[in-house]
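Residues per chain, in single letters:
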Amino acid sequence: MLTKLTNWSRLKSPWILHLNTGACNACDIEVVAALTPRFDVERFGILLKATPRHADVIVCTGPATRQMKDRLVRIYEQTPDPKFVIAVGACAMSGCVYRGAYNVLGGIDQVIPVDVYVPGCPVRPDAVIDGVVKLLNKLKG
Amino acid sequence: MKFQIPIGPQHPALKEPISLRMTVEGEIIREADIRLGYNHRGLEKLAEQRTWIQNIYLTERICGICSHSHTTCYVQGVEKLMELEPPKRGLYIRTLVAELERIHSHLLWLGVAGHEAGFDSFFMYTWRDREIVMDILEIISGNRVHYGINTIGGVRRDLDDGQVKHILDSLEILRKRSEYYKNLGTTEPSFVARLAGVGYLSKEDAIALCAVGPTLRASGVPMDVRKDDPYAVYGEIPFEVCTADTCDVLGRTVVRIQELFQCYNIIEYLLKNLPAGPVAVRAPRRAKPNEVVSRYEAPRGENIHYIKSNGTDKPERLKVRAPTLGNYAATIKMLKNGFIADVPLIFAAIDPCICCAERAVSLVDVRTGQEKIISMNALKQLSLKISAGKVRKREAEWPL
């Protein structure tokens, strides 16, 4: 009964933390644009949270720079279980144009485990929503 | 009693990773220090390994909000190096996209300023109207954020009559909405009270600390590259440089709202006087050995690219001075003797684009905590010493 209830509430209110790990800002504004009236992810109960301790889902953008690596791990550890990571954009997936640069690790999955990849350079807000909804379906069954 | 408060790199008030360290006495900030490097990706080095054309798409990804600024600045420089003269129609379309980008950036900023001031409905309103501009950009270029419209010697896509009509119709809606924001932003008592007097930067300080863009213009200095050193077709377009003399966040808001109206006028002028003809000329693959400095007025201020060619199809050096970097020194001045609660607002008021500004490298010795700036030659020597006898980079496999 209790697990059913927690699962239900988890599905209805996936709170996200937006984390930039060296992205060019394009994916970041598209993630924010997904929160605004045209796309409005709040109708799925998705809310942008300020601290990792309140979040269920970490939305990561950017190719993971060396400087951000330790911070990324720390933020991942601060997020309470169960936690999920969405890699948003081509950079977060593989490094995009920055692949091979000396200060770039080339993808979020080099540092922390990733559940959903959303392609695009930059992603469209619709794609972000699609990614989150796919994650919710994964949770369901 | 003094305390040190670190803010960032991941912090609710910041959208991008940056670290601010503030020494406070009670509520008042006495010292401020900005730490950079969380977003440093090594873009200038990457640029040296790619061809002139490939670099357009690389410079586009320096920043997602002012992507057109960086490509235009780069492309203008390369055109000078290759001694190319882009056709008039190409320049008009390039300027059109630049102005649309300015509108979308300023609307975005207005929203963020509203959000930081605790006025979230303002944020939602401006971002809703920003989608109109994003639609226009998508119609013109096929993309919402990275337009990819610039190419060496012109632009890649032409405009047709349907698109022109759509843009003019959308401008009417935007004008009406901006009028509303102007009233709201300058007369709504609680909003004005929150912004007025915050982040004071006097005219003398603004000049001495090399502030750029709306931050400088809000301190009463009418400086705009579009007017002072016209590039593209700005020499023949009638427009005004907007300034304010309140020297605070309110002034920066007013300057940006006024610039929105100038943008609408410029776009209308461009579309009504759009010349016929081709949009691009063919560009050579190599550039003669030379060097060039290219200036561009990005939405955040003056953007400078320095490009050096050596006769091959790749640049020898590309140096980017993004507008945000020019504003950091002024930000520290603005933060000093202010309240902690004003930090997000003051910091947001320069419209920081951290990904643009992450260019410099300073080395920190982890064991001693000592920080030093190393010269390029010393760095070269060091790298030679370390890599002596190892596989050459071209043959080496990427460790990831």
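Presented here is a report on the structure given in the accompanying data block. (Residues numbered from 1 in each chain as written. Chains lettered and ligands numbered in written order. Predicted model: local features only at pLDDT ≥ 70, side-chain atom pairs only at ≥ 80, totals over all residues. Heavy atoms only, no water.)

1. Some details on the overall build of chain A
1) Next: Summing up its helical and strand segments, chain A has five helices and five strands in all.
2) Next: Going residue by residue from the N terminus, the α and β elements of chain A occur as α-β-α-β-β-α-β-α-β-α.
3) Next: Considering only C-alpha atoms, chain A reaches an extent of 50 × 35 × 25 Å along its principal axes.
4) Next: Counting the 141 residues in chain A, one finds 54% classified as buried. (Helix = DSSP H or I, 4+ residues; strand = E, 2+ residues; numbered from the N terminus. Buried < 20%, exposed > 50% of the residue type's maximum accessible area, 1.4 Å probe, protein only.)

2. A closer look at the interface of chain A and chain B
Accessible area lost during the coming together of the parts is what is often quoted as the interface size.
1) Next: The interface is formed by 42 residues belonging to chain A together with 42 residues belonging to chain B.
2) Next: Note on chain A versus chain B: buried area summed over both sides is about 3,500 Å², and carbon and sulfur give 61% of it.
3) Next: Between the two partners, chain A and chain B, sit four salt bridges.
4) Next: One can count ten residue pairs in polar contact (both at pLDDT 80 or more) joining chain A with chain B.
5) Next: Mapped by element, the contributors of at least two residues to the side of chain A that touches chain B are β1 (15–20), α2 (26–33) and α3 (66–78) of chain A.
6) Next: Ranked by residues supplied to the side of chain A that touches chain B, first place goes to α2 of chain A with five residues.
7) Next: Its residues assigned to classes, the side of chain A that touches chain B comprises 26 nonpolar, eleven polar and five charged. (Contact = heavy atoms within 4.5 Å. Buried area = accessible area lost by both parts, 1.4 Å probe. Salt bridge = Lys/Arg side-chain N within 4 Å of Asp/Glu carboxyl O. Polar contact = N/O pair within 3.5 Å; in protein donor to acceptor, adjacent residues only side chain to side chain. Nonpolar A, V, L, I, M, F, W, Y, C, P; charged D, E, K, R; others polar.)

3. Some points on the side chain of Asp342 of chain B
1) Next: In this structure, Asp342 of chain B sits in the loop between α12 (323–335) and α13 (343–349).
2) Next: Apart from residues lying up to four places away in sequence, Asp342 of chain B is in contact with Arg194 and Val198 of chain B.

4. Some words on the nonpolar core
1) Next: Ranked by size, the top nonpolar core spans 77 residues in total, and within it Met22, Leu96, Leu100, Ile103, Leu107, Ile140 and Ile267 of chain B carry the most contacts.
2) Next: It is helix α4 (residues 88–116) of chain B that contributes the most residues to this core, twelve residues altogether.
3) Next: Excluding residues that lie within four positions of it along the chain, Ile267 of chain B makes contacts with Leu96, Glu99, Leu100, Ile103, Ile167 and Leu171 of chain B.
4) Next: Grouped together as the second largest cluster of nonpolar side chains are 40 residues, Val104 of chain A together with Trp52, Tyr74 and Phe123 of chain B included. (Core = buried A, V, L, I, M, F, W, Y, C linked by side-chain atoms within 4.5 Å.)

5. Regarding empty space enclosed by the protein
Residue and element names in this part refer to chain B.
1) Next: Taken as a whole and judged by the stated rule, the model has five cavities of 30 Å³ or more.
2) Next: Lining the second largest cavity we find Val212, Gly213, Leu216, Arg217, Met223, Asp224, Val225, Asp228, Arg295, Glu297 and Glu302.
3) Next: Broken down by secondary-structure element, the contributors of at least two residues to the lining of the second largest cavity are α9 (213–217), α10 (225–228) and β6 (290–298).
4) Next: Broken down by element, the lining of the second largest cavity gets its largest block of residues, three residues, from α9.
5) Next: Taken together, the residues of the lining of the second largest cavity break down into four nonpolar, one polar and six charged. (1 Å grid on protein atoms, 1.4 Å probe; cavity = no way out; pocket = protein on both sides within 12 Å on 5 of 7 lines; lining within 4 Å. Points joined across faces, edges and corners; volume = space filled by probe spheres on them.)

6. Here's the deal with the packing of aromatic side chains
All names here are of chain B.
1) Next: Tallying each qualifying case throughout the model produces eleven aromatic pairs over all chains.
2) Next: For the pair Tyr231 and Tyr234, a centre-to-centre distance of 5.1 Å together with 75° between the ring planes defines the contact as edge-to-face. In this pair, the class of Tyr231 matches that of Tyr234, namely buried.
3) Next: Geometrically, the ring pair formed by Tyr231 and Tyr296 is tilted, given 5.0 Å between the ring centres and 35° between the ring planes. (Phe/Tyr/Trp six-rings, centres within 6.5 Å; stacked < 30°, edge-to-face > 60°.)

7. Details of the side chain of Thr215 of chain B
1) Next: Residue placement: Thr215 of chain B occurs in helix α9.
2) Next: Sequence-distant contacts of Thr215 of chain B, that is, excluding residues within four places in its chain, are made with Leu201, Arg252, Asn327, Met334, Ala349 and Ile350 of chain B.

8. Quick notes on the pattern of salt bridges
All names here are of chain B.
1) Next: For the structure on display, the rule yields 34 salt bridges over all chains.
2) Next: A salt bridge links Glu236 to Lys88; its shortest N-O distance comes to 3.1 Å. Linking Glu236 in the loop between α10 and α11 (249–272) with Lys88 in helix α4, this pair joins segments that are 148 residues apart in sequence.
3) Next: The salt bridge involving Lys333 is made with Asp205; its shortest N-O contact spans 3.8 Å. Within this pair, whereas Lys333 is found in helix α12, its partner Asp205 is found in helix α8 (residues 203–208), the two being separated by 128 residues in sequence.
4) Next: Look at Asp205 and you get partly exposed, because its relative accessible area is 24%.
5) Next: The network of salt bridges with common partners includes Glu99, Arg102, Arg217, Asp224, Arg226, Glu259 and Glu297.

9. As for the pairing of strand β7 (residues 301–309) of chain B
All names here are of chain B.
1) Next: Here nine bridges tie β6 to β7, and the two strands are oriented antiparallel to one another. From the neighbouring strand, Asn290 faces β7, where its bridge partner is Ser309.
2) Next: With six bridges joining them, β7 and strand β8 (residues 315–321) adopt antiparallel strand pairing. Within the sheet, the bridge partner assigned to Tyr306 lies in β8 and is Lys319.
3) Next: With antiparallel pairing between neighbouring strands as the criterion, β7 and β8 make up a hairpin whose turn holds five residues, including Gly311 at a positive phi of roughly 90°. (Pairing = 2+ DSSP bridges.)

10. A word on a nonpolar patch on the surface
All names here are of chain A.
1) Next: Among the surface-exposed residues, Leu2, Leu5 and Trp8 lie close enough to one another that they form a single nonpolar patch of about 380 Å² accessible area.
2) Next: In this structure, Trp8 sits in helix α1 (residues 2–12).
3) Next: Overall, the relative accessible area of 53% leaves Trp8 in the exposed class. (Patch = residues over 30% accessible without salt bridge, like charges linked within 9 Å, V, L, I, M, F, W, Y side chains within 5 Å. Areas by Shrake-Rupley, 256 points an atom, 1.4 Å probe, with all protein chains shown as cover.)

11. Thoughts on α2 of chain A
1) Next: Burial within α2 of chain A is extensive, with eight of its eight residues counted as buried.
2) Next: Those residues of α2 of chain A lying buried are Ala26, Cys27, Asp28, Ile29, Glu30, Val31, Val32 and Ala33 of chain A.
3) Next: Residues of α2 of chain A that are buried in the fold lie against β1, β3 (57–61), β4 (84–88) and α5 (125–140) of chain A together with α4 and α5 (120–141) of chain B.

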